[in-house]
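Structural characterization, general
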Amino acid sequence: MKQFYKLITAFLLAQTVGIAQPYGNEWIAFTSGQPLSTQQYFRIGIWQEGVYRVSYSDMQNNGVPVTSWFSPDRFQVYANGKEQFIHVADVNGDNIFGPGDYVEFYGKGTDGSYDRALYVNNEDQPNPYFSIYNDTASYFLTYSPFLLTTEGCLC
Ligand SMILES: [Ca+2]
(Lines give C-alpha, C1' and ligand atoms only; values in the text may rest on other atoms or scores of the structure.)
Protein backbone atom coordinates (compact mmCIF):
# COMPACT_ATOMS: atom_id res chain seq x y z
CA MET A 1 0.00 0.00 0.00
CA LYS A 2 2.93 2.36 0.73
CA GLN A 3 4.16 1.85 -2.81
CA PHE A 4 0.76 2.91 -4.11
CA TYR A 5 0.84 6.16 -2.10
CA LYS A 6 4.39 6.86 -3.22
CA LEU A 7 3.34 6.33 -6.81
CA ILE A 8 0.33 8.63 -6.42
CA THR A 9 2.49 11.27 -4.71
CA ALA A 10 5.09 11.06 -7.47
CA PHE A 11 2.36 11.38 -10.11
CA LEU A 12 0.85 14.45 -8.43
CA LEU A 13 4.26 16.07 -8.02
CA ALA A 14 5.05 15.44 -11.68
CA GLN A 15 1.79 17.13 -12.68
CA THR A 16 2.48 20.09 -10.40
CA VAL A 17 5.94 20.53 -11.89
CA GLY A 18 4.47 20.20 -15.39
CA ILE A 19 1.91 22.90 -14.70
CA ALA A 20 4.57 25.23 -13.35
CA GLN A 21 6.50 25.18 -16.64
CA PRO A 22 6.32 28.44 -18.59
CA TYR A 23 4.54 28.32 -21.95
CA GLY A 24 6.43 31.24 -23.46
CA ASN A 25 3.28 33.33 -23.80
CA GLU A 26 3.51 34.96 -20.38
CA TRP A 27 3.81 38.37 -22.05
CA ILE A 28 0.21 38.13 -23.29
CA ALA A 29 -2.28 39.83 -20.97
CA PHE A 30 -4.66 37.19 -19.67
CA THR A 31 -7.27 37.67 -17.01
CA SER A 32 -6.83 35.02 -14.35
CA GLY A 33 -8.81 31.92 -15.25
CA GLN A 34 -9.79 33.15 -18.73
CA PRO A 35 -8.59 31.35 -21.86
CA LEU A 36 -8.52 34.46 -24.06
CA SER A 37 -6.53 37.63 -23.72
CA THR A 38 -8.15 40.82 -22.59
CA GLN A 39 -6.18 42.75 -25.20
CA GLN A 40 -6.05 42.54 -28.98
CA TYR A 41 -2.64 41.90 -30.56
CA PHE A 42 -1.87 42.75 -34.18
CA ARG A 43 1.06 40.96 -35.80
CA ILE A 44 3.60 42.97 -37.77
CA GLY A 45 6.02 40.90 -39.85
CA ILE A 46 9.57 42.29 -39.79
CA TRP A 47 12.29 40.81 -42.03
CA GLN A 48 14.76 43.67 -42.19
CA GLU A 49 16.55 45.68 -39.52
CA GLY A 50 15.37 49.25 -39.16
CA VAL A 51 13.05 51.74 -37.54
CA TYR A 52 9.43 51.08 -38.41
CA ARG A 53 6.58 53.55 -38.37
CA VAL A 54 2.98 52.45 -38.04
CA SER A 55 0.68 55.36 -38.71
CA TYR A 56 -2.89 55.93 -37.69
CA SER A 57 -3.99 55.26 -41.27
CA ASP A 58 -1.88 52.05 -41.43
CA MET A 59 -3.70 50.82 -38.36
CA GLN A 60 -7.07 51.93 -39.65
CA ASN A 61 -6.50 50.20 -43.01
CA ASN A 62 -5.49 46.94 -41.31
CA GLY A 63 -8.40 46.51 -38.94
CA VAL A 64 -6.89 47.97 -35.78
CA PRO A 65 -9.69 49.63 -33.79
CA VAL A 66 -7.93 53.00 -33.65
CA THR A 67 -11.12 54.84 -32.80
CA SER A 68 -11.09 53.08 -29.42
CA TRP A 69 -7.28 53.13 -29.19
CA PHE A 70 -7.17 56.86 -28.70
CA SER A 71 -4.76 57.38 -25.78
CA PRO A 72 -1.15 57.72 -27.03
CA ASP A 73 0.34 56.45 -23.74
CA ARG A 74 -1.19 52.95 -23.88
CA PHE A 75 0.47 51.47 -26.95
CA GLN A 76 2.84 48.56 -26.56
CA VAL A 77 4.94 46.52 -28.99
CA TYR A 78 6.22 43.06 -28.11
CA ALA A 79 8.82 40.89 -29.82
CA ASN A 80 10.18 37.58 -28.58
CA GLY A 81 8.08 37.97 -25.45
CA LYS A 82 9.66 41.27 -24.49
CA GLU A 83 8.17 44.73 -24.57
CA GLN A 84 10.00 46.95 -27.05
CA PHE A 85 10.89 50.59 -26.73
CA ILE A 86 8.50 52.64 -28.79
CA HIS A 87 7.98 56.25 -29.72
CA VAL A 88 4.41 57.45 -30.04
CA ALA A 89 4.14 60.71 -31.93
CA ASP A 90 1.16 62.87 -31.09
CA VAL A 91 1.76 65.25 -33.98
CA ASN A 92 -0.88 67.83 -33.12
CA GLY A 93 -0.36 67.51 -29.35
CA ASP A 94 -4.00 66.95 -28.49
CA ASN A 95 -3.18 63.81 -26.41
CA ILE A 96 -5.45 61.77 -28.68
CA PHE A 97 -4.11 59.19 -31.13
CA GLY A 98 -5.64 60.35 -34.38
CA PRO A 99 -4.92 61.08 -38.05
CA GLY A 100 -1.26 62.00 -38.59
CA ASP A 101 -0.07 60.33 -35.38
CA TYR A 102 2.14 57.25 -35.44
CA VAL A 103 4.03 54.63 -33.42
CA GLU A 104 7.70 53.97 -34.16
CA PHE A 105 9.89 51.11 -33.02
CA TYR A 106 13.15 49.42 -33.90
CA GLY A 107 12.80 45.98 -35.42
CA LYS A 108 14.90 43.32 -37.03
CA GLY A 109 14.26 40.02 -38.74
CA THR A 110 14.96 36.65 -37.26
CA ASP A 111 18.39 35.30 -36.52
CA GLY A 112 19.50 31.77 -35.85
CA SER A 113 19.08 31.90 -32.08
CA TYR A 114 15.90 29.80 -32.07
CA ASP A 115 17.41 27.27 -34.51
CA ARG A 116 20.36 26.69 -32.16
CA ALA A 117 18.32 24.37 -29.96
CA LEU A 118 17.85 22.00 -32.91
CA TYR A 119 21.53 21.07 -33.04
CA VAL A 120 23.31 18.81 -30.59
CA ASN A 121 26.55 20.68 -31.27
CA ASN A 122 26.31 24.44 -31.74
CA GLU A 123 29.00 24.38 -34.42
CA ASP A 124 26.75 22.18 -36.59
CA GLN A 125 24.40 25.10 -37.15
CA PRO A 126 25.03 26.28 -40.75
CA ASN A 127 24.68 30.00 -40.01
CA PRO A 128 24.02 31.42 -36.52
CA TYR A 129 22.83 34.75 -37.97
CA PHE A 130 19.99 33.42 -40.13
CA SER A 131 17.14 31.10 -39.43
CA ILE A 132 16.76 28.23 -41.88
CA TYR A 133 12.99 28.21 -41.31
CA ASN A 134 11.79 31.79 -41.40
CA ASP A 135 13.28 35.21 -42.09
CA THR A 136 10.32 37.17 -40.72
CA ALA A 137 10.11 38.08 -37.05
CA SER A 138 6.75 38.72 -35.47
CA TYR A 139 6.19 41.96 -33.61
CA PHE A 140 2.89 42.48 -31.88
CA LEU A 141 1.19 45.84 -31.47
CA THR A 142 -1.29 46.12 -28.65
CA TYR A 143 -3.11 48.68 -26.59
CA SER A 144 -3.23 48.39 -22.83
CA PRO A 145 -6.48 49.12 -21.02
CA PHE A 146 -4.32 50.51 -18.23
CA LEU A 147 -2.30 53.69 -18.14
CA LEU A 148 1.39 52.89 -18.60
CA THR A 149 4.36 54.68 -17.09
CA THR A 150 7.56 55.26 -19.00
CA GLU A 151 8.96 52.04 -17.48
CA GLY A 152 6.07 50.09 -18.92
CA CYS A 153 4.58 49.10 -15.58
CA LEU A 154 0.86 49.07 -15.02
CA CYS A 155 -0.46 51.85 -12.80
CA1 LIG B 1 -3.04 63.59 -31.91
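Check the entry above for the structure.
Reading the values: rules and limits
Residues numbered from 1 in each chain as written. Predicted model: local features only at pLDDT ≥ 70, side-chain atom pairs only at ≥ 80, totals over all residues. Helix = DSSP H or I, 4+ residues; strand = E, 2+ residues; numbered from the N terminus. Buried ≥ 20, exposed ≤ 12 C-beta atoms within 10 Å, placed from the backbone. Contact = placed C-beta atoms within 7 Å. Pairing = 2+ DSSP bridges. Axes fitted to C-alpha atoms, helices over the stretch in contact; angles between N-to-C directions.

It is worth spelling out the overall build of the protein at this point. A tally of helices and strands in the protein yields two helices and seven strands. Reading the secondary structure of the protein in the N-to-C direction produces α-β-β-α-β-β-β-β-β. Taken across its 155 residues, the protein has 10% of its residues classed as buried. Of all intrachain contacts in the protein linking residues separated by at least 6 positions in sequence, the fraction that spans at least 24 positions is 59%.

For the rest of this paragraph, the subject is the sheet that holds strand β7 (residues 137–143). Through backbone hydrogen bonds, the strands of a sheet pair up, either in parallel or in antiparallel fashion. Read across the sheet, four strands follow the order β1-β7-β3-β4 without closing on themselves; strand pairing throughout is antiparallel. Lying at the two open borders of the sheet, with one neighbouring strand each, are β1 (41–46) and β4 (82–83). Pairing analysis gives five bridges linking strand β3 (residues 75–79) to β7, with the strands arranged antiparallel. Each bridged residue has a counterpart across the sheet, and for Tyr-78 the counterpart in β7 is Phe-140.

A word on the sheet that holds strand β2 (residues 50–55). Across the sheet, which stays open at both edges, the three strands sit in the order β2-β6-β5 with antiparallel pairing between neighbours. Each having just a single partner strand, β2 and β5 (86–89) make up the two edges of the open sheet. Along the sheet, successive strands turn relative to each other by an average axial angle of 20°, direction set aside. As judged from the six bridges shared by β2 and strand β6 (residues 102–107), these two strands associate in the antiparallel manner. Its bridge partner lying in β6, Val-51 is registered against Tyr-106.

Before going further, it helps to examine unusual backbone geometry. A positive phi angle, near 50°, is found at Asn-80, a position not held by glycine. For Asn-80, the position within the fold is in the loop between β3 and β4. We note that Asn-95 has phi near 60°; this positive angle belongs to a residue other than glycine. By the element assignment, Asn-95 lies in the loop between β5 and β6.

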